[in-house]
Amino acid sequence: MDIAKFIAGVDSAAGEPPTEAALASFETVLGCRLPDDYRQFLLACAGGYFQGSAEFNWPQGHWAGAIQEVLGLRSDECSLARTRETPQWPTVDELLWIMSDHGGNPICMTIDQAHFGKIWFIDHEVAEYEKPWTLAEAMSDNWGYVLPLAPTFGDFIAGVYEEAKAA
């Protein structure tokens, strides 16, 4: 799906896209400048709920899920900042929760140097709730809590598609 079509599918509930200053302020709180493709997206889309079908696959090609919630620089439940401050599922600072799938599973971007800008799926059913964990542990084959989706935000959106119609 191209980025314009994806943005058109997000019901922003009359939310205005943020200013460059608001984005810069959020990046200051994060401690890093976000990847250019994601910055451009945030400046064009206030976030909200996806209307229609926006499905995505695992890198191996089989179906992974459908995007439901798209977070943006806003103050309601679709807020990047609010979700980061009070996440629904266990997470770590290296992950920026940017979307949720139809089951509430986070779709995140890594903001650490080793994996910067990559897109990941978090399987909240496998989460460790009782003790702290690291990103390396969660990415390991032994745990499988944080699973790779795409090398960049642009690649992830390019792979999003509308539900196939039954023949």
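Computed from a predicted model, the values in this text were never measured in an experiment.

(A) Region of the structure containing the packing of aromatic side chains. Going through the model one piece at a time under the given rule, you end up with nine aromatic pairs. A centroid spacing of 5.0 Å and a plane angle of 50° characterise the contact between F41 and F153, whose relative ring orientation is tilted. You can see F41 sitting in helix α3 (residues 36-44) and its partner F153 sitting in helix α6 (residues 153-159), a full 112 residues away along the chain. As far as burial versus exposure is concerned, F41 and F153 are alike and both buried. Taking 5.1 Å as the distance between ring centres and 75° as the angle between the ring planes, the aromatic pair formed by W58 and F121 counts as edge-to-face. Pair noted here: W58 is in the loop between β3 (55-57) and β4 (63-70) and F121 is in strand β7 (residues 119-122), with a separation of 63 residues, a long-range link. For the pair formed by W58 and F121, the shared burial category is buried. Three or more aromatic residues joined by ring pairs form one cluster here, namely F6, Y38, F41, F50 and F153.

(B) Expanded view of helix α2 (residues 20-30). All of the buried residues along α2 are L23, F26, E27 and L30. Along the axis of α2, the buried positions cluster into a sector of 100°, meaning they face one direction only. Relative to its buried face, α2 has exposed residues pointing more than 90 degrees away, namely A21, T28 and V29. Contacts made by the buried residues of α2 are with α3, α4 (80-85) and β5 (95-101).

(C) Highlighting the pairing of β4. The buried fraction of β4 amounts to six of the eight residues, a majority that puts the element mostly inside the structure. Pairing of strand β2 (residues 48-50) with β4, which is carried by two bridges, proceeds in the antiparallel orientation. Residue pairing in the sheet places G48 in a bridge with V70 of β4. Pairing between β3 and β4: three bridges, direction antiparallel. Within the sheet, the bridge partner assigned to E55 lies in β4 and is A66. Between β3 and β4, which follow one another and run antiparallel, lie five residues, and G61 among them has a positive phi close to 110°. As defined by bridge partners, β4 adjoins β5 across three bridges and the pair is classed as antiparallel. Each residue of the ladder has a partner; that of V70, found in β5, is M99.

Cut-offs and rules
Residues numbered from 1 in each chain as written. Predicted model: local features only at pLDDT ≥ 70, side-chain atom pairs only at ≥ 80, totals over all residues. Heavy atoms only, no water. Phe/Tyr/Trp six-rings, centres within 6.5 Å; stacked < 30°, edge-to-face > 60°. Helix = DSSP H or I, 4+ residues; strand = E, 2+ residues; numbered from the N terminus. Buried < 20%, exposed > 50% of the residue type's maximum accessible area, 1.4 Å probe, protein only. Arc of directions from axis to C-beta. Contact = heavy atoms within 4.5 Å. Pairing = 2+ DSSP bridges.

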